[in-house]
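Tertiary structure, described
The chain contents come next:
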Amino acid sequence: MKIVNNIQDAIPVMISSVISSDLVMVNALLDKFPRLIELKDRQGRTLLMMAAYLGDPSMVNYFISFFVIASQRLDPNAVDHDGLNAYDWSVLSGNEFARSLLSKVMDQEDLS
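To keep things clear, this report deals only with the structure shown in the data block. (Residues numbered from 1 in each chain as written. Predicted model: local features only at pLDDT ≥ 70, side-chain atom pairs only at ≥ 80, totals over all residues. Heavy atoms only, no water.)

**Quick word on the overall build of the chain**
Summing up its helical and strand segments, the chain has 6 helices and 0 strands in all. Reading the helices (α) and strands (β) of the chain from amino to carboxyl end gives α-α-α-α-α-α. Considering only contacts in the chain between residues 6 or more positions apart, those separated by 24 or more positions represent 63%. Counting every atom, the chain has about 6300 Å² of accessible surface; 53% of that belongs to carbon and sulfur. (Helix = DSSP H or I, 4+ residues; strand = E, 2+ residues; numbered from the N terminus. Contact = heavy atoms within 4.5 Å. Areas by Shrake-Rupley, 256 points an atom, 1.4 Å probe, with all protein chains shown as cover.)

In structure tokens:
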């Protein structure tokens with residue numbers, strides 16, 4: 001496991017870990033730097049958007065759990081610079097699992 005001592009060094013490691021579906025590293029980084037859950041890339045994409053597009057079910061579930069447990073820190077309706085949210089990214093990628101799961105989360109959000 002790569003040693004990361006500050007949040008700036010953690011950012012590229014986090015993005016790389018999401019892309020490579022390294023849930024152990026993602027969890028370790030969020031334990032050490034909880035604010036990384038709010039991370040967005042240069043195009044405004046959140047970690048949940050990346051996971052929804054890439055399609056790893058465990059990663060999508062992991063990030064959605066942050067919405068369920070700490071909804072003030074992760075917004076499944078957040079949009080990137082193109083106006084797309086995590087659900088849109090799951091549709092674009094053809095990721096049926098993420099699309100279904102995000103649909104349920106967004107329905108719950110609409111009820112509150």
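**Some remarks on the environment of Arg42**
Relative to the elements of secondary structure, Arg42 occurs in the loop between α2 (23-32) and α3 (47-54). A relative accessible area of 80% means that Arg42 is categorised as exposed. With 39 residues separating them in the primary sequence, Arg42 and His81 have C-alpha atoms 8.8 Å apart. (Buried < 20%, exposed > 50% of the residue type's maximum accessible area, 1.4 Å probe, protein only.)

**Considering helix α5 (residues 86-93)**
Restricting attention to buried positions, one finds in α5 the residues Ala86, Trp89 and Ser90. Buried residues in α5, looked at end-on, bunch into an arc of 100 degrees, giving them a common side. N-capping of α5 is provided by Asn85, with a side-chain oxygen placed 3.0 Å from the backbone N of Tyr87. Immediately beyond the C-terminal end of α5, within one or two residues, lies Gly94, with a positive phi of roughly 75 degrees. (Arc of directions from axis to C-beta. Polar contact = N/O pair within 3.5 Å; in protein donor to acceptor, adjacent residues only side chain to side chain.)

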